[in-house]
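Listed here are the chains, written in short residue letters.
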Amino acid sequence: MSKLKVTLKKSTIGRMKSHKATVEALGLRKVGSTVEHNDTPQIRGMVKKVSYLLEVEEV
């Protein structure tokens with residue numbers, strides 16, 4: 001199974017509550033933090049919802 005490397009590129013200050021919760025659920029805390037997740041439909045959906053805050057790379 002392939003992996004996704006997700007990096008938080010913009011701050012969540014002033015964003016919708018649900019978008020903040022999605023970023024936190026992905027395991028991202030501070031701007032510049034990076035996590036790896038398995039490439040599943042659930043993770044893809046979360047990434048798509050807040051894609052304007054993230055940088056995503058397939059590993």
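Now for a look at the structure at hand. (Residues numbered from 1 in each chain as written. Predicted model: local features only at pLDDT ≥ 70, side-chain atom pairs only at ≥ 80, totals over all residues. Heavy atoms only, no water.)

Brief notes about the overall build of the chain
- The helix and strand inventory of the chain stands at 2 helices and 3 strands.
- Reading the helices (α) and strands (β) of the chain from amino to carboxyl end gives β-α-β-α-β.
- Here the C-alpha radius of gyration of the chain, 11 Å, is about what a compact globule of 59 residues would show, namely 10 Å.
- Its C-alpha atoms give the chain principal-axis dimensions of about 35 × 20 × 15 Å.
- Buried positions account for 27% of the 59 residues belonging to the chain.
- Taking as baseline every contact in the chain between residues at least 6 positions apart, the subset at least 24 positions apart corresponds to 73%. (Helix = DSSP H or I, 4+ residues; strand = E, 2+ residues; numbered from the N terminus. Rg over C-alpha atoms; globule rule 2.2 N^0.38 Å. Buried < 20%, exposed > 50% of the residue type's maximum accessible area, 1.4 Å probe, protein only. Contact = heavy atoms within 4.5 Å.)

Focus: the pairing of strand β1 (residues 3-8)
- The sheet contact formed by β1 and strand β2 (residues 34-38) spans 5 bridges and is antiparallel. Opposite K5, over in β2, you have E36 as the bridge partner. (Pairing = 2+ DSSP bridges.)

A look at the environment of S51
- Its place among the elements puts S51 in the loop between α2 (41-49) and β3 (54-58).
- The spatial distance from the C-alpha of S51 to the C-alpha of L8 is 9.5 Å, given a sequence separation of 43 residues.
- A distance of 3.4 Å separates a polar atom in the side chain of S51 from the backbone oxygen of K48. (Polar contact = N/O pair within 3.5 Å; in protein donor to acceptor, adjacent residues only side chain to side chain.)

Here's the deal with the nonpolar core
- Judged by nonpolar contacts, L4, V6, L8, V23, L26, L28, V35, I43, V47, V50, L53 and L54 together constitute the single largest core of 12 residues.
- Those elements that provide at least two residues to this core are β1 and α2.
- Take this core: its biggest share by element is 3 residues, from β1. (Core = buried A, V, L, I, M, F, W, Y, C linked by side-chain atoms within 4.5 Å.)

These results come straight from atomic positions and should not be treated as a statement about function.
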